[in-house]
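Residue-level listing of the chains:
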Amino acid sequence: MQTQLSPEFSASAEGKEAAAILRKCVHCGFCNATCPTYQLTGDELDGPRGRIYLVKQLLEGGDVTRSTQLHLDRCLTCLNCQTTCPSGVEFGHLVDIGRTLVEARVARPPLEKAARWSLKEGLTSRWFAPLLRVGKALRPILPKILRDKVPGRERERSGGTVSVARTRKVLMLQGCVQPAMLPDIDRATVRVLDAAGIETVFAAGTGCCGALRTHLSDKQGGLADMRRNIDAWTPLLAAGEVEAIISSASACTLAIKEYGHALRRDAAYAEPARRVSALARDLSELLPLLVPALKEQLRGASAQRAVFHAPCTLQHGQRLRGGVETHLRELGFDVSGGYEESHLCCGSAGTYSVLQPQLARALRDRKIANLARAEPACILSANVGCIQHLQSGTSTPVLHWIELLERALH
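Structure report, in brief. Along each chain, the written sequence defines residue order, and numbers are assigned to residues from 1. The model is predicted, so local features are restricted to residues of pLDDT at least 70 and side-chain atom pairs to those at 80 or more, both for listing and for counting; the totals for chains, interfaces and linings are taken over all residues. To obtain the side-chain values, all non-hydrogen atoms of the structure were included, while hydrogens and water were left out.

Glancing now at the nonpolar core. Residues belong to a common nonpolar core when they are buried Ala, Val, Leu, Ile, Met, Phe, Trp, Tyr or Cys residues joined through side-chain atoms within 4.5 Å. The classification of residues rests on relative accessible area computed with a 1.4 Å probe and restricted to protein chains. Under 20% of the type maximum is buried, over 50% is exposed, and intermediate values are partly exposed. Counting 62 residues, the largest nonpolar core has Leu290, Phe308, Phe333, Leu380, Trp401 and Leu405 as the members making the most contacts within it. The leading source of residues in this core is helix α13 (residues 184–195), at five residues. With sequence-adjacent residues up to four places away left out, leucine 290 is seen in contact with Val192, Leu193, Ala196 and Ile198. Counting residues in each nonpolar core, the second largest holds 24 residues, with Leu173, Cys209, Ile230 and Ile245 among its members. The secondary structure listing takes helices from DSSP runs of H or I that are at least 4 residues long and strands from runs of E that are at least 2 residues long, numbered from the N terminus. Pairs of residues are marked as contacts when any of their non-hydrogen atoms sit within 4.5 Å.

A positive phi angle, near 55°, is found at threonine 77, a position not held by glycine. Note on placement: threonine 77 falls in the loop between α6 (66–73) and α7 (80–84). The backbone of leucine 79 shows a phi angle near 70°, a positive value even though the residue is not glycine. Take leucine 79: it is sitting in the loop between α6 and α7.

The method works on a 1 Å grid over the protein atoms by themselves. A cavity is a set of points holding a 1.4 Å probe that cannot get out, a pocket is an open set with protein on both sides within 12 Å along at least five of seven lines, and residues with an atom within 4 Å of a point line them. Grid points are joined across faces, edges and corners, and a volume is the space filled by probe spheres set on the points. Per the counting criterion, the structure on display carries three cavities of 30 Å³ or more. If you add up the space inside the largest cavity, you get close to 140 Å³. If you trace the largest cavity, you find 16 residues lining it, with Cys25, Cys31, Ile52, Cys85 and Val89 closest to the centre. Here the lining of the largest cavity takes three residues from helix α5 (residues 48–59), the largest share from any one element. For the lining of the largest cavity, the per-class residue count stands at twelve nonpolar, three polar and one charged. Estimates place the volume of the second largest cavity at around 70 Å³. As for the second largest cavity, its lining consists of 13 residues, of which Cys35, Pro48, Arg51, Cys75 and Cys78 are closest to the centre. At the level of secondary structure, the elements contributing two or more residues to the lining of the second largest cavity comprise α4 (36–41), α5 and α7. Note on residue categories: nonpolar means Ala, Val, Leu, Ile, Met, Phe, Trp, Tyr, Cys or Pro, charged means Asp, Glu, Lys or Arg, and polar means any other residue, Gly included.

Moving on to the pattern of salt bridges. Any Lys or Arg side-chain nitrogen found within 4 Å of a carboxyl oxygen on Asp or Glu counts as a salt bridge. This model, assessed by the stated rule, comprises 27 salt bridges. Of the charged contacts in the structure, one is a salt bridge between aspartate 46 and arginine 51, with a shortest N-O distance of 3.8 Å. Here aspartate 46 matches arginine 51 in class, with each residue buried. For the salt bridge of aspartate 365 with arginine 364, the shortest nitrogen-to-oxygen distance reads 3.0 Å. It is possible to trace a salt-bridge network through shared partners that takes in Arg66, Asp73, Glu103, Arg108 and Glu112.

The two faces of strand β7 (residues 378–381) match: Cys378 and Leu380 on one face and Ile379 and Ser381 on the other face are all buried. Consider the strands pointing away from the viewer: the crossover is right-handed when the path from the first strand over the helix to the second runs clockwise. Chirality of the crossover, the property in question, places the unit of β7, helix α24 (residues 384–391) and strand β8 (residues 398–400) among those that are right-handed.

So, on to the packing of α5 against helix α8 (residues 91–103). Orientation of α5 relative to α8, taken along the N-to-C sense of each, is 50°, at an axis distance of 10 Å. The orientation of α5 with respect to α8, classified from their angle, is oblique. Note that α5 runs across α8; the crossing there is left-handed. Of the residues in α8, those in contact with Pro48, Arg51, Ile52, Val55, Leu58 and Leu59 of α5 are Phe91, Leu94, Gly98, Leu101 and Val102. The residue inventory of the contact of α5 with α8, partitioned by class, reads nine nonpolar, one polar and one charged. Axes here mean lines fitted to C-alpha atoms, for a helix over just the part in contact, with angles spanning 0 to 180 degrees between N-to-C directions. Small angles under 35 degrees read as roughly parallel and large ones over 145 as roughly antiparallel, with 65 to 115 read as roughly perpendicular and the rest as oblique. Should the near helix be turned anticlockwise from the far one by less than a right angle, the crossing is left-handed, and should it be turned clockwise, the crossing is right-handed.

This part covers the side chain of arginine 51. Note on placement: arginine 51 falls in helix α5. You can call arginine 51 buried: its relative accessible area is 1%. Polar contact is the term for a pair of N or O atoms within 3.5 Å; when the atoms are in protein, one must be able to donate a hydrogen and the other to accept it, and sequence-neighboring residues count only if both atoms are side-chain atoms. At 3.1 Å, the side chain of arginine 51 and the side chain of threonine 37 are in polar contact. If we ignore the near neighbours within four places in the chain, the residues touching arginine 51 are Cys35, Thr37, Leu45, Asp46, His71, Leu72, Arg74, Cys75 and Phe91.

For the rest of this paragraph, the subject is the packing of aromatic side chains. Any Phe, Tyr or Trp ring, taking Trp's six-membered ring, that has another such ring centre within 6.5 Å forms a pair; planes under 30 degrees apart are called stacked, those over 60 apart edge-to-face, and the others tilted. All told, the structure shown has one aromatic pair when counted by the stated rule. Lying across the ring of tyrosine 269, arginine 227 places its NZ or CZ 5.8 Å from the centre. By the criterion adopted, a ring carries a charge over it if an Arg CZ or a Lys NZ lies within 6 Å of its centre and within 35 degrees of its normal.

Let's shift gears to the state of the cysteines. The criterion for a disulfide is a pair of cysteine sulfur atoms lying within 2.5 Å. Inspection of the entire model under this criterion finds zero disulfides. Left unpaired, cysteine 85 is separated from the closest cysteine sulfur, that of cysteine 28, by 6.0 Å. Here cysteine 312 stays unpaired: no disulfide links it, and the sulfur of cysteine 345, its closest cysteine neighbor, is 3.8 Å away.

If you want it as C-alpha cells, here you go:
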C-alpha cells in the first residue's frame, strides 16, 4: 500500500514506522474474514482493512473525525488479523499509533473522557482492591455493566502446601487487577511451581504491565509503567539467579514481551527492555517442565470434561497454540480446545468490555454458545479478563488452567 506522508508525519518516528507497516498491506481483505467486530457489524471500517485506510488517511493529512476515533475504538486489538495476514502486517502496532495520534486531534465527550480516565487510573491504583471489596458487598444492586466485572463467588481453595527442593527460580509479575479480582490464580501458580521445584520471586515496586494505559491511547503512561517494572526487576536480574519473567495473565506476558519494541528508542531503557523481553515467558511455556515434575504428585486428574478458551493474547499475540491442552491431557485431564470459532475473541479485551459493552456481550454470548456445545463441566482460560468476562455470561465455572492443575495436587 503506497503512502505519501504529510509533512507533519514525514520526519516523525511514528510516521515512518506506520508507513513501513502500511507498505506491507496488499488490500486482500483476508483479515476481515477473521475480525470479530467485522463479523458483528459488517461495516468495512470495523474491519482491519478499513481501519488501515483510516490510519493511512490520517498520516496523509486527511480529515480525522469523531467517526475515525469510533472505528479505531471498536477494535479489540485481538490480533486475529495478524495471524490471518499473509503479508505480515503488524496491525497491533499500527492501530496503537493511530489511536494515539487521533486522541491528540479529536476531543472526546466529557463523560467518555472521564470513564477512560477512571479506568486507567482506578484499575492501576492501590485503591482498586478496597473499592472492589465494596463492589462485592454491593454487587446485587450494581448496574449490570459493573456487576459483570465483580466476581460473584468465592473460588474453591486447596488446602496445605506441596514443596520439594527448589532448584530453579522465576520472577513473577502480579499486575494491577488480578491480585484483587482473582487472587487465587497467583496462589495456585506459586503452589504448582513450588511443587515442581521452581521458586517464585516477586519484586517490590512493580504494578501494571503497561498494556492498560497503552490501549487507552495513553502511550506515555504505558511507557512509564514499563520503566517502573524494569527498574524494580533490574537488581534481581543482575544477580543472575532468575531464569525467566512470568505472569499468569497472558495479556501481561504479551505486554512484557513487547517492552523491547516499545522502548527501543529510549537510550536509557532500550537495552534493559530488550533483556526483559528476552526473558519473558508465558506461564504455559513452563508446562514442559511441569509435566514430568508433577506426574507423581497428582492425586488424580479430574475426569470431568473441560474445554480451553485460548485468549487472543496467547494464540494470536504470542502465537502459542495447543500447548495447554496437550500438556494437561498428558497429565490425565480431559481437556479439548478444538471448538467452533475458537480463533475468535471472547469480547473481554481489557477495558473494552466496559467501554464497548454491546459488542463485548455479543462476542461473549457467541463464544459461550460455541464452548457449551462441548458440554464441559468447566471452562478453562489463561487470562483474568477473559475468565471474568466469560463467567459473567454462564453458570459453568470458568477457571484458569493453573487452578485446575493445583486442585489435583496431593
